[in-house]
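So the chains spell out like this:
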Amino acid sequence: MIKTLLWDVDGTLLDFLAAEKYGMETCLGEIGVELTEEMLTVYSRINRSWWEKHEKGLCTREEIFIGRLKDFFGEYGIAYTDYDHFNRQYQIALGEAVFPVDDSLKLLKELGKTCKQYMVTNGSKLAQELKLAKSGIDQLCDGVFISELVGIQKPEKAFFDRVQEATGYVKEETLIIGDSLSSDIKGGNNAGIKTCWYNPKGAPLRGDVTVDYEIGNLWELIEILTK
């Protein structure tokens, strides 16, 4: 029986792409640049590639925040170099942009009756604390683990070891739910816990990972937990 749920936040409980669009639209607008759909697609690709490097231990969090902006601004010839300021404003904007997926807040309330629930996220401290507070998720869960504060990121086993030490979760009774194969599912595999891949777009399975469950809607989790 599953008694503990480890939840990814961005791309799982909350729509990160919608927040990303809001954040870039807001911050680029402040420096006189109008965001287009093409630009958003390019930025998303650049951002994703930097996070994948980070998950493999090839760059630091600070290098992500500056590197992705340098790459993006360079792609479009945007003459703006105060990357630290832009990044901070962007993190704040991400924290303000809360777009729940699949009525996820109601689901958290329901699952909280029978399971302990913890947020496990690689997002920045600034953005995550803002969005968790604004959405109310911080009041619906039993704890939050942000990699920037933990000092280790998903999918490292050590990240999950820290979570286990703090919560006392039993591996055989724990399930991680997330949209990222390289971060959430790989992390669950490394930690020796069951995994549930949130895959609403039906993407193909890739990478050296083991998926125990796959769902296209978060509410499908109810059926998995009651089996």
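For the structure, see preceding data.
Basis of the calculations
Residues numbered from 1 in each chain as written. Predicted model: local features only at pLDDT ≥ 70, side-chain atom pairs only at ≥ 80, totals over all residues. Heavy atoms only, no water. Pairing = 2+ DSSP bridges. Helix = DSSP H or I, 4+ residues; strand = E, 2+ residues; numbered from the N terminus. Axes fitted to C-alpha atoms, helices over the stretch in contact; angles between N-to-C directions. Expected span 1.5 Å × (residues − 1). Buried < 20%, exposed > 50% of the residue type's maximum accessible area, 1.4 Å probe, protein only. Contact = heavy atoms within 4.5 Å. Parallel < 35°, antiparallel > 145°, perpendicular 65-115°, else oblique. Nonpolar A, V, L, I, M, F, W, Y, C, P; charged D, E, K, R; others polar. Phe/Tyr/Trp six-rings, centres within 6.5 Å; stacked < 30°, edge-to-face > 60°. Lys NZ or Arg CZ within 6 Å of the ring centre and 35° of its normal. 1 Å grid on protein atoms, 1.4 Å probe; cavity = no way out; pocket = protein on both sides within 12 Å on 5 of 7 lines; lining within 4 Å. Points joined across faces, edges and corners; volume = space filled by probe spheres on them.

A.B. asks: Describe the sheet that holds strand β4 (residues 174-178), with residues and values.
C.D. replies: The 6 strands lie next to each other as β3-β2-β1-β4-β5-β6, forming an open sheet whose pairing is parallel. At either margin of the open sheet sits one strand with a lone partner, and together these are β3 (143-146) and β6 (213-215). When the angles between neighbouring strand axes are averaged without regard to direction, this sheet yields 20°. Both strand β2 (residues 116-121) and β3 contribute to a ladder of 4 bridges, which runs parallel. Along β3, the bridge assignment pairs Thr121 with Ile146.

A.B. asks: Hey, could you go over unusual backbone geometry for me, with residue numbers and the actual values?
C.D. replies: In this structure, the amide linkage connecting Lys154 to the following residue, Pro155, adopts the cis form with an omega of 10°. For Pro155, the location among the structural elements is in the loop between α8 (147-150) and α9 (157-167). We note that Asp102 has phi near 55°; this positive angle belongs to a residue other than glycine. Positionally, Asp102 belongs in the loop between α4 (83-96) and α5 (104-111).

A.B. asks: So what's going on with helix α3 (residues 61-76)? Residues and values would help.
C.D. replies: The terminal C-alpha atoms of α3 lie 23 Å apart, and with 16 residues this matches the ideal 22 Å at 1.5 Å per residue to within 8%. Along α3, the positions that sit buried rather than exposed are Arg61, Ile64, Phe65, Gly67, Arg68, Leu69, Phe72 and Phe73. Next to the buried residues of α3 lie α1 (16-30), α2 (37-55), α4 and α8. At the exit of α3 stands Gly77, carrying a positive phi of roughly 60°.

A.B. asks: Give me the lowdown on the packing of α3 against α4, citing residues and values where you can.
C.D. replies: Relative to each other, α3 and α4 sit at 105°, their axes nearing to 10 Å. Looking at the two axes, α3 sits roughly perpendicular to α4. Only Tyr83, Asp84, Phe86, Asn87, Tyr90 and Gln91 of α4 make contact with α3, whose side of the interface consists of Phe65, Ile66, Arg68, Leu69, Lys70 and Phe73. Of the residues contributing to the contact of α3 with α4, the split by class is 7 nonpolar, 2 polar and 3 charged.

A.B. asks: Just give me the short version of the packing of aromatic side chains, but keep the residues and values in it.
C.D. replies: What the rule picks out here adds up to 11 aromatic pairs. Following the ring pairs from residue to residue traces out a cluster consisting of Tyr43, Phe72, Phe73, Tyr76, Tyr80, Tyr83, Phe86 and Tyr90. The ring centre of Trp50 lies 4.3 Å from the NZ or CZ of Lys53, which sits over that ring.

A.B. asks: I'd like a rundown of empty space enclosed by the protein, residues and numbers included.
C.D. replies: Evaluation of the coordinates by the stated rule reveals 1 cavity of 30 Å³ or more. Computed from the structure, the largest cavity encloses a volume of approximately 30 Å³. Residue lining of the largest cavity: Asp10, Leu14, Asp15, Phe16, Ala19, Ala97, Val98, Phe99 and Lys131, and that is the complete set. By residue class, the composition of the lining of the largest cavity is 6 nonpolar, no polar and 3 charged.

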